[in-house]
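Given next are the chains, with one letter for each unit.
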Amino acid sequence: MASVRLHPRVDLCFRFRFIIPASGGMLVEKMAGEKQSEAKLTGMDENKENTTDETLGLEILQIIKDSQQQHGLRHGDYQRYRGYCSRRLRRLRKTLGFKMGNRHKFTGKKVTEDMLTDNRYLLLVLMEAERAWSYSMQLKMEANTEPRKRFHLMARLRKAAKHAEQLERLCESRRVDAKTKLEAQAYTAYLVGMVQFELQEWKPAMEAFNKCKTIYEKLASAFTEEQSVLYHQRVEEISPNIRYCAYNIGDHNAINDLKLMRLSAGGGGGMIAEKLEALITQTRARQAATMSEVEWRGRTVPVKIDKARIFLLGLADNEAAIAQAANEETKERLYETLLAECRDTIQAVREEIKADAKLRERAADGEVGKVSNLQYLHSYLTYIKLLTVVKRNESMARVLQVKLKEVQPDESKRSPRPQDLIRLYDIILQSLMELSTLQGLEEDRTFQKEVSLKMLVYKAYRCFFIAQSYVLVKKWSEALVLYERVLKYACEVQSKAKNLNNSLKDLPDVQELITEVNAEKYSLQAAAILDTEDVVETPQQQVKDNKPFCERLETFHLDPSLLGKQPNLVQFPPDFQPIPCKPLFFDLALNHVAFPPLDDKVEQKGKGGLTGYIKGIFGFGS
């Protein structure tokens, strides 16, 4: 019988077909999902690649934005996007028959103008540029810990710019429409600007970015408002890079624009984010050289630590940025940034205090009871940190109060509860307690009165929301007592605030709280009366009893559970019942009984010697 031998490649495919269900199911499922996504994206691209019999079109910006959002860049995963670009290149080459050699040898091949019979050739070059760019961005993230990768980063970024220039040259053909030509020029200018930006060649980078910005602005003005949204977004992405280049060239007024751009970013990152933070810190460091002291609560303290100077100079800018924040998310991010800088500065001052030998000799110099300048500076920075924590939690509490009064349309989402606000006010009270114990302010009566007044205000609000939580569980008496406590705190605040008028300007309105508490008290009393009537009527209708049915035959209750699938008829398994067991007897008196002597009844044995022994053998003695 003749044997059939398969080609190695066919045999490999045949064997792989049976291996997939056992070990590669997940891979097949992933590839199938990617195929479906690719099919949808290809259908979209076909609509975007405005192809006619005479001209070729490709919506470059739309295609790359859609691909980036669907394949990793929404979460900053450049490695995933790079893998997608590689797989799509492979599929495009296979579809177009654009082979780069064979299985034994690689032969480089470039797309030429004569090949432009299909707009997918332009898409092929675009994907090559995107693959190189995504690889460079991946290396940029890794270069923070491995500086040697920066050389590879620059090589891939130059490669991306080279592919973009090739795309621009191909789009100069008469077969390509005008819109695609302009988009190719803008795309090339953007990548060239990125290369110059990384090389810190500020002037060429600024020229390239300005060219890109101008083209996108012209394209945005030529189309409808819906079509121009993408171009305006691209212009907003480029603007920080242009201002950064302008600042490095010599336009020092650009730093204010950069701060506003960072504020409006709303927490977004990007390539410019790290450089922008470093630039702002560098600008503050230059200004810090002229700062020598700070005054707080009537005492002037010299500031010799550079980190403390930089932080105190930027404090006003940070507070202004928080006040101008467009939304609560941006404000929260700025609060966290300010707190992180404050903690680092406090740590630097704390280390300086430990290294200061004069502080240890304070008692010997006759300065007992007086806080040193470094310790007072530490108290001032701690005051800033704790006050920022109070403001941040108060801002979060205001947002939660608004959401608490709103009706949530989606019941599946967790709605805010009064317990969330109680936790925030606990943190505020803890921070105020720490404020009152700062070194150097123990004897400051005005400061202590201000802190105690603030604590009363926040205690009133905390007590109010504790009462709200009791109302939700229908504990009317406890809630009423807590409302009375709120009114007591509020009246105490109003009486003490007459001497401290300036202390209430940043605090919540106590009079508004009093009005709200009075309204809640009336609502609570009405709800308590209605709830009492419901309790009286309930036993006549239905009473829930956990006893089995066999144990309550003498009483009538409406129990719908008896008609259900699991009626409570008898208790099963039944409880154990005590039964009598066989008694055990223990003879405890045996050892104390005296038995009578039996010697007279015992037969005495005779002493016969050998004669008696012989008689015994033959039976004569018996």
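Residues numbered from 1 in each chain as written. Predicted model: local features only at pLDDT ≥ 70, side-chain atom pairs only at ≥ 80, totals over all residues. Heavy atoms only, no water.

### Concerning the environment of Q525
Then, in step 1: You can see Q525 is positioned in helix α19 (residues 510-541).
Then, in step 2: Along the sequence, Q525 and S477 sit 48 residues apart, while their C-alpha atoms lie 9.3 Å from each other. (Helix = DSSP H or I, 4+ residues; strand = E, 2+ residues; numbered from the N terminus.)

### Digging into the packing of aromatic side chains
Then, in step 1: Evaluation of the coordinates by the stated rule reveals 19 aromatic pairs.
Then, in step 2: Taking 5.5 Å as the distance between ring centres and 70° as the angle between the ring planes, the aromatic pair formed by W202 and Y244 counts as edge-to-face. One end of the pair, W202, is in helix α8 (residues 202-222); the other, Y244, is in helix α9 (residues 225-249), with 42 residues separating them in the sequence.
Then, in step 3: Members of the aromatic cluster, each reached through a chain of ring pairs, are Y425, Y458, Y461, F464, F465 and Y483.
Then, in step 4: In this structure, R234 packs its charged tip against the face of Y190, placed 4.2 Å from the ring centre. (Phe/Tyr/Trp six-rings, centres within 6.5 Å; stacked < 30°, edge-to-face > 60°. Lys NZ or Arg CZ within 6 Å of the ring centre and 35° of its normal.)

### So, a nonpolar patch on the surface
Then, in step 1: A cluster of nonpolar side chains, namely F549, L553, L569, V570 and F572, defines an oily patch on the protein surface of about 540 Å² accessible area.
Then, in step 2: With respect to the helices and strands, the residue F549 is situated in the loop between α19 and α20 (609-618).
Then, in step 3: You can call F549 partly exposed: its relative accessible area is 34%. (Patch = residues over 30% accessible without salt bridge, like charges linked within 9 Å, V, L, I, M, F, W, Y side chains within 5 Å. Areas by Shrake-Rupley, 256 points an atom, 1.4 Å probe, with all protein chains shown as cover. Salt bridge = Lys/Arg side-chain N within 4 Å of Asp/Glu carboxyl O. Buried < 20%, exposed > 50% of the residue type's maximum accessible area, 1.4 Å probe, protein only.)

### Considering the pairing of strand β1 (residues 293-296)
Then, in step 1: The alternating pattern of β1 places V294 and W296 on a buried face and E293 and E295 on a face that is not buried.
Then, in step 2: For β1 and strand β2 (residues 299-302), the ladder comprises four bridges, and the chain directions are antiparallel. Residue E293 lies in a different strand from β2, and its bridge partner there is P302.
Then, in step 3: Between the antiparallel neighbours β1 and β2 lie two residues, among them R297 with a positive phi of about 55°. (Pairing = 2+ DSSP bridges.)

### A word on the nonpolar core
Then, in step 1: Residues Y383 and I384 are the most contacted members of the largest nonpolar core, which totals 72 residues.
Then, in step 2: Elements with a contribution of two residues or more to this core: β1, α12 (306-323), α13 (328-355), α15 (373-405), α16 (418-435), α17 (445-472), α18 (476-496) and α19.
Then, in step 3: Considering every element that reaches this core, the biggest residue donor is α17, with 14 residues.
Then, in step 4: Both of domain 2 (292-360 + 372-405) and domain 3 (425-531) provide at least three residues apiece to this core.
Then, in step 5: Not counting residues within four places of it along the chain, the set of residues in contact with I384 comprises F311, L312, L315 and C342.
Then, in step 6: By size, the runner-up hydrophobic cluster in this structure holds 64 residues, among which are I63, C85, Y135 and A184. (Core = buried A, V, L, I, M, F, W, Y, C linked by side-chain atoms within 4.5 Å. Domains from an automatic or database assignment. Contact = heavy atoms within 4.5 Å.)

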